[in-house]
Amino acid sequence: AAQISSGMGRTSGSASINFMAKDIDKALELFFEMLRNPAFQQDRLDLFKSQQLQAIERRNDHTEEIEAREWNRLLRGEKHFSSAFVTKSSIESLTREDLIEFHKSHYRPDRFILAVSGDFKTAEMKAKLEKAMEGWSLSGTPAVKVPKPDFVPVPGVYMVHKQDVNQGRVSIGHLGIMRGNPDEFALDMMNDILGGSGFTSRIMNRVRTDEGLAYDAGSSYALGVYYEGQFRAGFQSKSATAAQGTQIVLEEIERMRKEKVSAEELETVKNQAIEVFPRYFATASAVAETFAADEFTGREPGYWDTYRAKIKAVTAEDVQRVAQKYLHPGQLVILAVGNVDDMLKGDPDKPGISFEKIAGAKIKRIPLPDPLTMVYPQ
């Protein structure tokens with residue numbers, strides 16, 4: 001009944017195993033066999049490549065995928081690694097030897113952070129882990145430093161046309177700040193009130209509850225680990241009301257900057273943050289994952305020790321101060337994906353609201369790229 005898995009992201013890889021304490025020897029044997037000696041079977045690689053080719057053929061089918069892709073290009077630029085996408089040629093050229101070489105270069109004990117949580121004696125577990133890695137050579141080279149984007153987003157309204165949909169997806173935001181900023185707790189509470197706390201947030205209440213324009217709406221203010229994070233608000237609405245929803249989000253951003261939040265709003269989000277805190281440590285695997293991630297990304301020691309106290313200390317004045325400091329209406333990038341013709345027509349019952357008026361300048365059109373080559377028409 002053991003659970004074993006591995007994964008690879010853009011800046012890190014991970015592997016984990018969850019098992020009964022009585023099975024520790026067999027579980028660790030399987031786990032390190034996977035890590036040290038992957039088979040990379042050719043038939044499995046061929047199947048993966050076939051699946052990937054089918055997937056990229058459909059990469060322009062769904063507005064959610066289009067929105068995520070184009071949003072990242074607008075915030076990070078086309079040349080940053082996070083904006084790179086696989087193509088038909090890159091998939092077809094992938095060989096088993098490429099996988100072996102990647103594994104040889106990156107899967108080494110000196111690059112690992114091991115986190116273990118559960119029913120065991122520490123000294124015995126450390127001894128078992130040391131034995132499991134005996135004879136495993138070190139790489140001798142440091143890991144590559146994650147590069148920062150060399151790009152400044154250009155504010156404005158951008159639209160991607162997809163003829164066969166009747167709803168528009170809208171993202172609104174700009175670059176943010178790094179993790180470890182002394183204002184991060186106040187900023188977190190500010191964003192929760194604005195759009196990050198679900199049905200208690202202002203954006204959700206106005207866009208969904210008051211106006212009935214969207215099923216879901218909200219915001220996030222993600223803190224960057226290797227480079228600046230980003231503020232992003234968004235929703236999905238009928239094409240005719242996409243501009244109205246956008247106008248509402250812009251109004252709420254301005255209101256957050258100009259008016260002090262109520263004591264009730266602040267108390268609600270503070271209580272929510274404190275109540276969900278135990279989830280980070282609810283299970284043995286959650287404990288291991290939390291501290292492994294902190295160690296890998298260099299989070300300051302003691303962060304969790306003072307987390308709740310720092311949340312409780314946030315005041316309404318703090319919220320307004322960080323809103324004025326870290327929300328930048330003049331730097332907003334607005335992306336709308338859907339049937340552009342219908343979105344530009346707007347709601348006939350609200351002729352005073354339109355994307356043209358929101359833009360105040362020429363709206364920039366983004367064409368869909370060839371899904372297999374990711375080459376954009378000029």
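The notes below deal with the structure included here.

Calculation notes
- Residues numbered from 1 in each chain as written.
- Predicted model: local features only at pLDDT ≥ 70, side-chain atom pairs only at ≥ 80, totals over all residues.
- Heavy atoms only, no water.
- Phe/Tyr/Trp six-rings, centres within 6.5 Å; stacked < 30°, edge-to-face > 60°.
- Helix = DSSP H or I, 4+ residues; strand = E, 2+ residues; numbered from the N terminus.
- Buried < 20%, exposed > 50% of the residue type's maximum accessible area, 1.4 Å probe, protein only.
- Polar contact = N/O pair within 3.5 Å; in protein donor to acceptor, adjacent residues only side chain to side chain.
- Expected span 1.5 Å × (residues − 1).
- Arc of directions from axis to C-beta.
- Contact = heavy atoms within 4.5 Å.
- Pairing = 2+ DSSP bridges.
- Salt bridge = Lys/Arg side-chain N within 4 Å of Asp/Glu carboxyl O.
- Core = buried A, V, L, I, M, F, W, Y, C linked by side-chain atoms within 4.5 Å.
- Axes fitted to C-alpha atoms, helices over the stretch in contact; angles between N-to-C directions.
- Parallel < 35°, antiparallel > 145°, perpendicular 65-115°, else oblique.
- Nonpolar A, V, L, I, M, F, W, Y, C, P; charged D, E, K, R; others polar.

## Here's the deal with the packing of aromatic side chains
Tallied over the entire structure, the rule returns 17 aromatic pairs. Here Tyr-221 and Phe-231 contribute two aromatic rings whose centre-to-centre distance is 5.6 Å and whose plane-to-plane angle is 35 degrees, an arrangement assigned as tilted. Note that Tyr-221 is positioned in strand β5 (residues 214–222) and Phe-231 in strand β6 (residues 230–238), a separation of ten residues in sequence. With respect to class, Tyr-221 is no different from Phe-231; both count as buried. Their ring planes at 50 degrees and their centres at 5.9 Å tell us that Phe-277 and Trp-304 sit as a pair that is tilted. Taken as a pair, Phe-277 in the loop between α10 (263–276) and α11 (284–297) and Trp-304 in the loop between α11 and α12 (307–312) lie far apart in primary sequence, 27 residues in all.

## Some thoughts on unusual backbone geometry
For Phe-40, which is not glycine, the phi dihedral falls at a positive 50 degrees. Note on placement: Phe-40 falls in the loop between α1 (24–36) and α2 (42–57). The phi angle at Met-374 is positive, at roughly 60 degrees, despite the residue not being glycine. Along the chain, Met-374 falls in the segment after β8 (364–365). Met-374 gets classed as buried once you look at its relative accessible area, which sits at 14%.

## Let's talk about the environment of Asp-164
Mapped onto the elements, Asp-164 comes out in the loop between β3 (156–161) and β4 (167–175). Of note is the side chain of Asp-164, whose polar atom sits 3.2 Å from the side chain of Lys-162.

## A closer look at α10
In a regular helix each residue adds 1.5 Å, so 14 residues correspond to 20 Å; α10 covers 20 Å between its end C-alpha atoms and thus fits that length. Those residues of α10 that sit buried are Leu-266, Val-269, Lys-270 and Ala-273. One side of α10 holds all its buried residues, which, seen down the axis, span an arc of 100 degrees. For α10, the exposed residues set more than 90 degrees away from the buried face come down to Glu-264 and Glu-275. Check the buried side of α10 and you find it contacts α7 (184–196), α12 and α13 (316–326).

## Section: the sheet that holds β6
In spatial order, the strands read β5-β6-β4-β7-β3-β8; together these six strands make up an open sheet with mixed pairing. The strands lining the two open edges of the sheet, one partner per strand, are β5 and β8. When β4 meets β6, the two strands line up antiparallel, connected through nine bridges. Across the sheet, the residue bridging to Gly-173 is Arg-232, located in β6.

## A few points about the pairing of strand β2 (residues 13–18)
The two faces of the sheet receive side chains in turn, since in a regular strand these alternate between them. Two elements, strand β1 (residues 3–8) and β2, share six bridges in a ladder whose sense is antiparallel. Residue pairing across strands places Met-8 opposite Gly-13, the latter belonging to β2. Between the end of β1 and the start of β2, which pair antiparallel, lie four residues.

## Comments concerning the pattern of salt bridges
Overall, the coordinates contain 19 salt bridges when judged by the stated rule. Of the charged contacts in the structure, one is a salt bridge between Glu-251 and Arg-206, with a shortest N-O distance of 2.9 Å. With Glu-251 in helix α9 (residues 242–258) and Arg-206 in helix α8 (residues 202–210), this pair connects stretches of sequence that are 45 residues apart. Here Arg-206 falls in the partly exposed class, since its relative accessible area comes to 24%. Where Arg-321 meets Asp-318, a salt bridge forms, and the shortest distance between an N and an O atom there is 3.8 Å.

## As for the side chain of Gln-244
Looking at the secondary structure, you find Gln-244 in helix α9. Residues in contact with Gln-244, not counting those within four places in the same chain, are Glu-211, Leu-213, Asp-347, Lys-350 and Ile-353.

## A look at the nonpolar core
Residues Met-190, Met-256, Leu-266, Leu-327 and Phe-355 are the most contacted members of the largest nonpolar core, which totals 52 residues. Listed in part, the 13 residues of the second largest apolar core include Phe-32, Tyr-107, Ala-132 and Met-133.

## A word on the side chain of Glu-67
Tracing the chain through its elements places Glu-67 in helix α3 (residues 63–76). Within the local environment of Glu-67, its side chain forms a polar contact with the side chain of Arg-169, the two groups lying 2.9 Å apart. Setting aside residues no more than four positions away along its own chain, Glu-67 makes contact with Arg-169, Val-170, Ser-171, Arg-232, Leu-335 and Val-337.

## Here's the deal with the packing of α7 against α13
Interhelical geometry of α7 versus α13 gives an angle of 90 degrees and a closest axis separation of 9 Å. Classified by the interaxial angle, the pair formed by α7 and α13 is roughly perpendicular. Contact with α7, carried on its side by Ala-186, Leu-187 and Met-190, involves Asp-318, Val-319, Val-322, Ala-323 and Tyr-326 of α13 and no other residues of that element. Of the residues contributing to the contact of α7 with α13, the split by class is seven nonpolar, no polar and one charged.

## Here's the deal with the packing of α9 against α13
Close contact between α9 and α13 brings their axes to 7 Å; oriented N to C, the two are set at 125 degrees. Put simply, α9 runs oblique to α13. When α9 is examined against α13, the residues Met-256, Arg-257 and Lys-258 are found in contact with a partner set consisting of Val-319, Gln-320, Ala-323 and Gln-324. Taken together, the residues of the contact of α9 with α13 break down into three nonpolar, two polar and two charged.

Honestly, that's just the spatial picture; any functional story needs more than this.
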